[in-house]
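One letter stands for each residue in the lines below.
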Amino acid sequence: AAQYPPVPDRSSPDYYLIRERVRVLTAPEGEDIHREYAQKIADGNHTMATMYGDALALMQDNMASQAVPILKKLIAQHDDLHLLYSALGQAQAKAGDMKGALATFRLAMELFPRNVPTTIRYAQTLMQDGKNAQAHDVLLDLFNNIEPTPDQIEMTARAASAAGDLGGKGANV
């Protein structure tokens, strides 16, 4: 195997972002994952994946307002990656900027229509902001076009219930 030439890395940018998301979400309790990213950055590692991981770690450590500028800079450099918009919207919401979060998610929905993770996070943010009817409509649009999971059906029902729609108007789910 050592005699074979190296294989060029053809992984998509999404792979690296998802890898860092998993790394942050599965970090053992008590591990200072943000410190690990801060050290990587201090050592000169400024890759998109490292910066994204750092932003997620900041959000996890309740420093979401510090994650916002990092994510905005990444979007300025890589405006074609839905994961960056979703993370920015989540960071803005967690930092208390619901208006900014909803604007970010609306833009993401225009850029990446019916993207399941983006739509779910948008609906969750709408619900956090008390916009349950709008969340229900967003979810219905998605799940009348894409087969939902049981958890997604439950979320749609919660949005409908919170919006006062107990009959599930327009739902094929």
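Here the structure is shown first, and the text comes after it.
What comes next is a walk through the structure. Residue positions are counted from 1 within each chain, in the order its sequence is given. It should be noted that, the model being predicted, local features are given only for residues of pLDDT at least 70 and side-chain atom pairs only at 80 or more, the latter also being counted only at that level, while totals for whole chains, interfaces and linings use all residues. With hydrogens and water excluded, all non-hydrogen atoms of the structure serve as input to the side-chain values.

## Focus: the overall build of the protein chain
How we decide: A run of DSSP states H or I qualifies as a helix once it reaches four residues; a run of E qualifies as a strand once it reaches two. Both are numbered from the N-terminal end. Only protein chains enter the area calculation, which uses a 1.4 Å probe; residues under 20% of their type maximum are buried, those over 50% are exposed, and those in between are partly exposed.
Broken down by element type, the protein chain carries 9 helices and 0 strands. The order of helices and strands in the protein chain, counted from the N terminus, is α-α-α-α-α-α-α-α-α. Oriented by its inertia axes, the alpha-carbon framework of the protein chain measures out at about 65 × 40 × 30 Å. For the protein chain, the proportion of its 173 residues judged to be buried stands at 43%.

## Side note on the pattern of salt bridges
Going by this rule: In the sections that follow, a salt bridge refers to a side-chain nitrogen of Lys or Arg positioned within 4 Å of a carboxyl oxygen of Asp or Glu.
For the structure on display, the rule yields 6 salt bridges. Among the ionic pairs, Glu 20 bridges to Arg 19, the shortest N-O distance being 3.2 Å. Across the pair Arg 35 and Asp 32 runs a salt bridge whose closest N-O atoms are separated by 3.8 Å. Under the relative-accessibility criterion, Arg 35 is labelled exposed at 58%. A network of salt bridges, in which partner residues are shared, links Arg 19, Glu 20 and Arg 23.

## What to know about helix α2 (residues 33–42)
Rule in force here: Summarising the geometry, the arc corresponds to the directions from the helix axis toward the C-beta atoms.
For α2, the set of buried residues is Ile 33, His 34, Tyr 37 and Ile 41. All buried residues of α2 fall inside an arc of 100 degrees around its axis, so they share one side. Opposite the buried face of α2, by more than 90 degrees, sit the exposed residues Arg 35 and Ala 42. Just beyond α2, the residue with positive phi is Gly 44, at close to 100 degrees.

## Focus on the side chain of Thr 156
Just so we agree on the cut-off: Each polar contact in these results corresponds to two N or O atoms within 3.5 Å; when the atoms are within protein, one needs to be able to donate a hydrogen and the other to accept it, and residues that are neighboring in sequence are counted only if both atoms are side-chain atoms.
Mapped onto the fold, Thr 156 is located in helix α9 (residues 150–162). A distance of 2.9 Å separates the side chain of Thr 156 from the backbone oxygen of Gln 152, its partner in a polar contact.

## Focus: the packing of helix α4 (residues 64–77) against helix α5 (residues 82–94)
The cut-off we apply is this: Axis lines are fitted to C-alpha atoms, over the contacting stretch for helices. Their N-to-C directions set the angle, which ranges from 0 to 180 degrees. Under this scheme an angle from 65 to 115 degrees is roughly perpendicular, one under 35 degrees roughly parallel, and one over 145 degrees roughly antiparallel; angles in between are oblique. It is the rotation of the near helix from the far one that decides the hand of a crossing: anticlockwise by less than a right angle makes it left-handed, clockwise makes it right-handed. Only heavy atoms matter for contacts: two residues are in contact if any of them lie within 4.5 Å across the pair.
α5 packs onto α4 with a crossing angle of 155 degrees between their chain directions and a minimal axis gap of 8 Å. Accordingly, the angle class assigned to the pair α4 and α5 is roughly antiparallel. When you trace α4 past α5, the crossing you get is left-handed. Contacts between α4 and α5 involve Ala 64, Ala 67, Val 68, Leu 71, Lys 72, Leu 74 and Ile 75 on the former and, on the latter, Leu 84, Tyr 85, Ala 87, Leu 88, Ala 91, Gln 92 and Lys 94.

## What to know about helix α8 (residues 132–143)
Basically, it comes down to this: Here the expected span of a helix is defined as 1.5 Å times the quantity of residues minus one.
Its 12 residues give α8 an end-to-end C-alpha distance of 16 Å, which sits within 8% of 16 Å, the value for a rise of 1.5 Å per residue. Of the residues making up α8, those classed as buried are Asn 132, Ala 135, His 136, Val 138, Leu 139, Leu 140, Leu 142 and Phe 143. Residues of α8 that are buried in the fold lie against α6 (98–111), α7 (116–128) and α9.

## Some remarks on unusual backbone geometry
Non-glycine residue Asn 62 carries a positive phi angle of around 60 degrees. Along the chain, Asn 62 falls in the loop between α3 (48–60) and α4. In this structure, Arg 114 takes a positive phi of about 60 degrees despite not being glycine. Structurally, Arg 114 can be placed in the loop between α6 and α7.

## Let's talk about the nonpolar core
Our working definition: The nonpolar core is taken to be a set of buried Ala, Val, Leu, Ile, Met, Phe, Trp, Tyr and Cys residues, with the residues joined through side-chain atoms within 4.5 Å.
If you look at the biggest cluster of nonpolar residues, it comprises 30 residues, and the most contacted ones within it are Leu 17, Tyr 52, Met 59, Ala 67, Leu 71, Leu 74 and Leu 84. Considering every element that reaches this core, the biggest residue donor is α3, with 8 residues. For Tyr 52, the residues in contact, after removing those within four places along its chain, are Leu 17, Glu 20, Arg 21, Leu 71, Leu 74, Leu 83, Leu 84 and Ala 87. Counting 14 residues, the second-largest nonpolar core is a separate cluster that includes Leu 102, Leu 126, Phe 143 and Met 155.

Just geometry here; none of it tells us what the structure is for.
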